[in-house]
Every structure is written in C-alpha cells, then in structure tokens.
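For reference, the chains in residue letters:
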Amino acid sequence: MADIFERLLKNYGPIGQHRERAHGYFAFPKLEGAIGSVMKFRGNDVIVWSLNNYLGLANHPEIRKADADGAAQYGLALPMGARMMSGNSNLHEQLEAELAAFVSKEDAVLLNFGYQGMVSIIDVLCSRHDVIVYDAESHACIIDGLRLHPGHRFVFKHNNIEDFEKQMERATALVEKQKSGGILVITEGVFGMAGDQGKLKEITALKQKYSFRLLVDDAHGFGTLGKTGAGAGEEQGVQDLIDIYFSTFAKSMASIGAFVAGDRKIIDYIRYNIRSQIFAKSLPMPLVVGNLKRLELLRTRPELKEKLWDVALKLQNGLKERGFDIGTTDSVVTPIYMKGGVEEATAMVMDLRENYRIFCSIVVYPVIPKGHIIYRLIPTASHTDADIEATLEAFSAVKEKLDIGAYKTNAIPDMAERS
C-alpha cells in the first residue's frame, strides 16, 4: 500500500512547484502597516492595488472605533455555540434584517465565510434530481459547490446568452425526461477576474421562456454598483428577479462573513438546513457590531462609492489612453492584459515592486493559458490622483521593457523569504 503523503511530496501542484523561489514574494507576500493605498512590502513603501477594500472602510476611523468598542464590550468569544443551539442574538437578527432591506429582499441569513457559504448554499438548495446551469468563469467557491452536487450540471460559455439557452434546453429536456427536479442557474454579479458584469438582465428575461431559479454571487457588485450600492441586480434593474442573492463582507465592507437573501420562506429553509452554519460557531459579536456600522456607512455615505468610481474611471481611462488592453470591464475591477511567459511575468512584477514601488496581483499559467499575463488592479476610495499617476507611469515603463524583451529570462527569479 502506498503512503498517501508520497504522492503529495512528489508533486506540489502547478503553483506549489515554484514555492522554493516564490514564497513570501510572488506567493504569500506580507504587506505591513495600516491598511491603505500605501503600505510596506519588505521594508519599502508601495502603492497597493491588491486589496478588495473598495470603499476604504478597512481603516476608516468610525469603523475602527466600532470594531474596538465591539471587542471591548463583548470580547471575541460571545456568542458561544452555533446559531441554532446557543449562538443567536438580537444583533445577529438585526444585521440580517438590515441586509435584507438593503438588497430589497424579504429576509437574509448570515454566513461565517463567503467561500464556505456559497459551497453550502448550493448543497442546501439542490437535490440529486436537480440540474444546475452555470457560467464557465464562475468563482472557485461555486465550482467547489458544484463538485458536491450529486446531480447533473451544464456549463455555458462565459456571458454567452446563446450558449446559455442551449444549456437551458438540455437541462429542461433532462428534467422533463426524469420527471423530477428543477433547474438552478448560477452566475455572478461581477466576475472578479475580468471585471465584467454578469448578464443578469438577459438571463432573467428568459424566465418567461424557461422554468428556473437564479442564484447570483454578487461579491464584487455589493456596495459598488447600483444607485444605492445594492449591487449588480440594482444596476441592471432586475434585483426583484434574482431569487437568491449572495454577497460577502470581505469586499466593500472590508470585514469577515457573508449573507444570502431572498424570499422569507426560502431563507428560512436555508437557515434550518445549511450545514456549515448549523454545525459551526456563530459569527463573533464584534464582527456583527462592526458589520452593522459598515452597512450604515454604505447606506448613508454615498460619497464613498462616488470616490471609488472617480478613482476607477481615472485609472481605467488612463490605461486605455496609454494603449493598454483592459478588456470589457464595466465594474471597478481593472484587469490589464499582456503577452509573455511566467518567467517574464515574475521579472516584471519584481521590477514593478522594487523599482517603481507598485504592488498588484498578477495571474499567469496555469490559471490562464500559456503566453498570457493578467494584472488585476483593485481601485479603492483610499487611492489618490498621485497614486494613479505613478501607477500609469510605471505600467507604461514596464510595458515598454516587456515589448523589447528586457524581461526575457530562463527561470523565475529566486525571491523567496528565507527563515
């Protein structure tokens, strides 16, 4: 019999294989100092475009005070136990009610984590007879939820409504043939890598033609899109046609936790059947208190969203004016598409960080096809015009170097953190 660890030690995976050169720099880097547009990386001040702190709430003085007051009053342990058994409170229920009202749904239930929550939502909604139809570029939490689904699933090409209809026809035929089950469609309000909004308006219009329920993961739309900040559904005028609305506190609210909202009876079913919450400790009281304050600022400080969009549009327009390809983003998420290998990409990242003091996330093979590089910049309300100008100048410089082959190298630079 083989030792299960033997296989793991022979192959650390497509990303893990680079760990000896990359750890602490390209992977698992450590940003230090107060959260903001400028932080410390390996002792140097860098302009940071890698934090989902959209509205700048992570270090907002009113938020810091609410978090500190919550911890001082309640400690981190309260409430003890799972919500169903001994971990409920009036404040937990107040946060659920306020979230539901904010996204124009009847009810909401809190989740400890967004990733875990989405996996569990798919599990609780679908039986083995149900069919799931989902977008090809769905987030990993959706994909992992699908892996647990014992029934059939059909994937449609990203934001391709023609292919969506083809998959709906297949799903409908299967449900009719087996004479059991229903159809759940899953997409996102904003796709976090490319920044394009999901085709919610077009998908919901097909409810008149096909029978299905719609689950939308709006992690990046909540707080950033729509007149009130209620997300992509509000932005596209179809919030009432979204059956199950999901978002996380980890983006616009700069916190921990998530929620799912919808019709009261369906949310009550989820509340009493979602295993990851029934068998897990309740969200700690300081987080609940802090999230109530964050939601208050989302409702009452529209200038935060306005500042975010001012930064995002200045950044995106500046990149386009300089000839960069930022794809089809219609959100604040700002991708930059380039050509090059993994080795070139890492050399370019090192140049950006060490010489231009710009810190942003990069995506390369095997996450995307070989020969492609994607930088993903996340604007926030904390960024300044000076941050934007310095970043535009830096990207123009490194793009010129990339085009003339200045980053050609045979190996990933060894920038690993040494113990």
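Residues numbered from 1 in each chain as written. Predicted model: local features only at pLDDT ≥ 70, side-chain atom pairs only at ≥ 80, totals over all residues. Heavy atoms only, no water.

1. Here's the deal with the pairing of strand β10 (residues 258-262)
Among the 5 residues that make up β10, 5 are buried, leaving the element largely enclosed by the rest of the structure. Here β10 shows two buried faces, one formed by Ala 258, Val 260 and Gly 262 and the other by Phe 259 and Ala 261. With 5 bridges connecting them, strand β4 (residues 107-111) and β10 associate as antiparallel partners. Looking at the pairing, Leu 111 lines up with Ala 258 of β10. Relative to β10, strand β9 (residues 244-248) runs antiparallel, the two being bridged by 5 bridges. Following the sheet pairing, Tyr 245 is matched in β10 by Ala 261. (Buried < 20%, exposed > 50% of the residue type's maximum accessible area, 1.4 Å probe, protein only. Helix = DSSP H or I, 4+ residues; strand = E, 2+ residues; numbered from the N terminus. Pairing = 2+ DSSP bridges.)

2. Let's talk about the packing of aromatic side chains
The final tally for this structure, using the stated rule, is 11 aromatic pairs. Ring plane angle 85 degrees and centroid distance 5.6 Å describe the contact between Phe 102 and Phe 222, whose orientation is recorded as edge-to-face. Taken together, the residues span a long stretch of sequence, with Phe 102 in helix α5 (residues 90-102) and Phe 222 in the loop between β8 (213-217) and α10 (232-236) at a distance of 120 residues. In this structure, Phe 102 and Phe 222 share a single accessibility class: buried. Between Tyr 375 and Phe 395, the aromatic rings sit 5.1 Å apart at their centres with planes inclined by 90 degrees, giving edge-to-face as the arrangement. Separated by 20 residues along the polypeptide, Tyr 375 in strand β14 (residues 372-377) and Phe 395 in helix α16 (residues 385-403) bring together distant segments of the chain. For the pair Tyr 375 and Phe 395, a shared accessibility class is recorded, and that class is buried. (Phe/Tyr/Trp six-rings, centres within 6.5 Å; stacked < 30°, edge-to-face > 60°.)

3. Description of the nonpolar core
Nonpolar side chains in soluble globular proteins tend to be buried together. One finds Leu 99, Val 133, Phe 164, Val 185, Phe 212, Phe 222 and Phe 259 to be the most contacted residues of the largest nonpolar core, which totals 55 residues. Core analysis: the second largest hydrophobic core is formed by 29 residues, Ile 47, Phe 324, Ala 394 and Ile 412 among them. (Core = buried A, V, L, I, M, F, W, Y, C linked by side-chain atoms within 4.5 Å.)

4. Remarks on the sheet that holds strand β12 (residues 358-359)
With respect to topology, 4 strands assemble into an open sheet ordered β1-β2-β3-β12, the strand pairing being mixed. In the strand order of this sheet, the two ends are held by β1 (31-32) and β12, each with one partner. Bridging between strand β2 (residues 38-41) and strand β3 (residues 44-48) involves 4 bridges; their strand directions are antiparallel. Looking at β3, one finds that Phe 41 is bridged to Asn 44.

5. Side note on helix α14 (residues 302-321)
Structurally, the α-helix is built with 3.6 residues per turn, so residues lying three or four positions apart point the same way. When the terminal C-alpha atoms of α14 are compared, their 28 Å separation across 20 residues agrees well with the 28 Å that a helix rising 1.5 Å per residue should span. Buried within α14 we find Leu 304, Lys 305, Leu 308, Val 311, Ala 312, Leu 315, Gln 316, Gly 318 and Leu 319. The inward-facing, buried residues of α14 abut α13 (285-300), β11 (334-339), β14 and α16. Following α14 by one or two positions, Gly 323 adopts a phi angle in the positive range, close to 85 degrees. (Expected span 1.5 Å × (residues − 1). Contact = heavy atoms within 4.5 Å.)

6. Overview of the packing of helix α4 (residues 61-74) against α13
Two numbers describe a pair of packed helices, the interaxial angle and the distance between the axes. Packing of α4 against α13 leaves a shortest axis separation of 8 Å and a crossing angle of 155 degrees. The angle between α4 and α13 falls in the class roughly antiparallel. Seen from above, α4 lies across α13 with right-handed handedness. Where α4 approaches α13, its residues Glu 62, Ile 63, Ala 66, Asp 67, Gly 70, Ala 71 and Tyr 74 are matched on the opposing element by Met 285, Pro 286, Val 289, Gly 290, Lys 293, Arg 294 and Leu 297. Its residues assigned to classes, the contact of α4 with α13 shows 8 nonpolar, 2 polar and 4 charged. (Axes fitted to C-alpha atoms, helices over the stretch in contact; angles between N-to-C directions. Parallel < 35°, antiparallel > 145°, perpendicular 65-115°, else oblique. Left-handed = near helix turned anticlockwise from the far one by under 90°. Nonpolar A, V, L, I, M, F, W, Y, C, P; charged D, E, K, R; others polar.)

7. Here we look at the side chain of Arg 83
By secondary structure assignment, the location of Arg 83 is in the loop between α4 and α5. Reaching out from Arg 83, the side chain makes a polar contact with the side chain of Glu 96 at a distance of 3.1 Å. Arg 83 has contacts with Asn 88, His 92, Glu 93, Glu 96, Leu 110, Ala 280 and Ser 282, leaving out every residue within four places of it along the chain. (Polar contact = N/O pair within 3.5 Å; in protein donor to acceptor, adjacent residues only side chain to side chain.)

8. Thoughts on the sheet that holds β11
Strand order in the open sheet formed by 3 strands is β11-β14-β13, with antiparallel pairing between adjacent strands. Whereas interior strands pair on both sides, the edge strands pair on one side only; in this sheet they are β11 and β13 (361-363). Neighbouring strand axes in the sheet, compared pairwise and without regard to direction, differ in orientation by 25 degrees on average. For β13 and β14, the ladder comprises 3 bridges, and the chain directions are antiparallel. Its bridge partner being in β14, Ser 361 is matched across the sheet by Arg 376. On top of the sheet, α16 reaches β11 and β14; it is set at about 15 degrees to β11, its chief contact.

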